[in-house]
Amino acid sequence: MRSLVGRNSRRLSWLLAGIIAIAAPISPSWSLSVQSLNVVGTLSPGEWEAYRSHFIEDDGRVVDNANGNISHSEGQGYGLLLALAANDRVTFERIWSFVFTELLIRDDGLAAWKWDPKAKPRVTDRNNATDGDILIAYALAKAGAAWKESRYTTAAQKLARAIGKNTFGRDRGSVFLLPGAEGFSAGERPDGPVVNLSYWIFEAFPVLASLAPEYEWNRVWREGVELLQQATSGRIRLPADWISIQSRMQTKPADGFPPEFGYNSLRIPLYLLRAGMTDLEWLRALKQRWSAENEGVAIVNVVTGSIRERPNDQGYALLSAALACALDGTPVPGQLKTFDPQLYYPSTLYLITKSWLGEKRPQCV
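Please read these numbers as outputs of a predicted model, since none were measured by experiment. (Residues numbered from 1 in each chain as written. Predicted model: local features only at pLDDT ≥ 70, side-chain atom pairs only at ≥ 80, totals over all residues. Heavy atoms only, no water.)

## Regarding the overall build of the protein
Line of reasoning, step 1. A tally of helices and strands in the protein yields 12 helices and 11 strands.
Line of reasoning, step 2. Here the C-alpha atoms of the protein give a radius of gyration of 19 Å, agreeing with the 21 Å that 2.2 N^0.38 yields for 365 residues.
Line of reasoning, step 3. A principal-axis box enclosing the C-alpha atoms of the protein has dimensions of 50 × 50 × 45 Å.
Line of reasoning, step 4. Every one of the 365 residues in the protein was classed for burial, and the buried ones make up 59%. (Helix = DSSP H or I, 4+ residues; strand = E, 2+ residues; numbered from the N terminus. Rg over C-alpha atoms; globule rule 2.2 N^0.38 Å. Buried < 20%, exposed > 50% of the residue type's maximum accessible area, 1.4 Å probe, protein only.)

## Observations concerning unusual backbone geometry
Line of reasoning, step 1. Here the residue pair Lys 120 and Pro 121 is connected by a cis peptide bond, since its omega of 0 degrees sits within 30 degrees of zero.
Line of reasoning, step 2. Mapping Pro 121 onto the fold places it in the loop between strand S2 (114-115) and strand S3 (123-125).
Line of reasoning, step 3. Note that the residue after Gly 192, namely Pro 193, is joined by a cis bond; omega there is 5 degrees.
Line of reasoning, step 4. Locating Pro 193 in the fold gives a position in the loop between strand S5 (174-177) and strand S6 (194-195).
Line of reasoning, step 5. Residue Arg 172 is not a glycine yet carries a positive backbone phi of 45 degrees.
Line of reasoning, step 6. Note on placement: Arg 172 falls in the loop between strand S4 (168-171) and S5.
Line of reasoning, step 7. Classification of Arg 172 by relative accessible area gives exposed; the value is 61%.

## Examining the side chain of Arg 106
Line of reasoning, step 1. On the secondary structure map, Arg 106 appears in the loop between helix H4 (89-103) and S2.
Line of reasoning, step 2. Within the local environment of Arg 106, its side chain forms a polar contact with the backbone oxygen of Arg 126, the two atoms lying 2.6 Å apart. (Polar contact = N/O pair within 3.5 Å; in protein donor to acceptor, adjacent residues only side chain to side chain.)

## Re the nonpolar core
Line of reasoning, step 1. Counting 121 residues, the largest nonpolar core has Tyr 51, Phe 92 and Trp 200 as its most contacted members.
Line of reasoning, step 2. In contact with Phe 92, not counting residues within four places along its chain, are Leu 80, Ala 83, Leu 84, Ala 139, Leu 140, Ala 143, Trp 147 and Tyr 152. (Core = buried A, V, L, I, M, F, W, Y, C linked by side-chain atoms within 4.5 Å. Contact = heavy atoms within 4.5 Å.)

## Here's the deal with the sheet that holds strand S7 (residues 243-244)
Line of reasoning, step 1. On the basis of which strands lie adjacent, the open sheet formed by 3 strands has the order S6-S7-S8 and antiparallel pairing. The open sheet is flanked by S6 and strand S8 (252-253), the only strands paired with a single partner. (Pairing = 2+ DSSP bridges.)

## Considerations on the environment of Ile 136
Line of reasoning, step 1. Position of Ile 136 among the secondary structure elements: in helix H5 (residues 130-147).
Line of reasoning, step 2. For Ile 136, a relative accessible area of 0% gives the class buried.
Line of reasoning, step 3. Here the alpha-carbon distance between Ile 136 and Gln 76, two residues 60 residues apart in the chain, equals 7.1 Å.

## Notes on the packing of aromatic side chains
The description of an aromatic ring pair rests on the distance of the ring centres and on the angle between the ring planes.
Line of reasoning, step 1. Throughout the structure, instances matching the rule amount to 17 aromatic pairs.
Line of reasoning, step 2. Geometrically, the ring pair formed by Phe 98 and Trp 115 is edge-to-face, given 5.2 Å between the ring centres and 70 degrees between the ring planes. Residue Phe 98 is found in helix H4, and its partner Trp 115 is found in strand S2; the two are separated by 17 residues along the sequence.
Line of reasoning, step 3. By relative accessible area, Phe 98 is classed as buried at 4%.
Line of reasoning, step 4. Residue Trp 115 is classed as buried on the basis of its relative accessible area of 8%.
Line of reasoning, step 5. Each residue in the set Phe 168, Phe 205, Tyr 215 and Trp 217 is aromatic and connected to the rest through ring pairs, giving one cluster. (Phe/Tyr/Trp six-rings, centres within 6.5 Å; stacked < 30°, edge-to-face > 60°.)

## So, the sheet that holds strand S11 (residues 307-309)
Line of reasoning, step 1. An order of S9-S10-S11 is seen for the 3 strands of this open sheet, with the pairing classed as antiparallel. Unpaired on one side and paired on the other, strand S9 (260-261) and S11 mark the two borders of the sheet.
Line of reasoning, step 2. Sheet topology note: the strand S10 (residues 299-301)/S11 ladder contains 2 bridges and is antiparallel. Paired with Val 300 across the two strands is Ile 307, which belongs to S11.

Shown next as structure tokens:
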């Protein structure tokens, strides 16, 4: 099984590219393939130790220190991916053990998303967060192949099947990714279906498709690209974090959420870069927007265009620098090359970005 995962993943990546290139004329400017990443060994021991000592407890719990010290499936998934990038099998196993014992408590095989050390029971929201499930399954699959550990591959396959079965939404012929198994479909919200484009972790789709080929990963992958194109076609050219796709011709910010290009959507360009989709015209527009001469990385109201906040942590700044590196070969500024972990989320984005730069753009760092 371990060897089949890696081989089938590569085959499927090529197959996906071929099928999409023939069947989906989305836009001449959109990349139509997903590249494979090695991940293993792309973080330095010093950077990883700084992250591990700040945010990972001995039992494998990844702590969100800016959000009441809670843990969530997203953080556990990021932690697994970063432990793999650092080639730290001991910490990977601890993080996975926490996921297995504390979060994989749902009957459908998905992970509960929120765990609070101050609450009893600790899991305070049993709904899943699909990005967390994808990150966990992807990291397990990559680790299973890299370290020849069948337990991880088997667990990844089980989770990939649960994702396909419970979070793929369908509406008028399209197949897309629901943010959670409950609460976002057309039948559950007046403005449903509602999606979050930052939940499409593009690099993971070919890997998970090789594990659960009975589900339509190819169509979901393509739908994410098309929705992103549509959501960034307006005057502001930024997607809201939470989007109603009730009208496919006119997506809009979902009711009950701030109409913002916010902390969720800041990840979208990172996921596109990591998937090798660097020729997207929208990325070039975003790079211009994030440049020092313009507004920089910002939380923006997608209706009015007004800026609510300019987050200044180095993790956000590195997103902008990575974009400039990918599109123009601009070296990462010297002040961003030394990791200074403060808060969980931007520190995580920093290392996920640094891992990709180390593997695909070492000349910039």
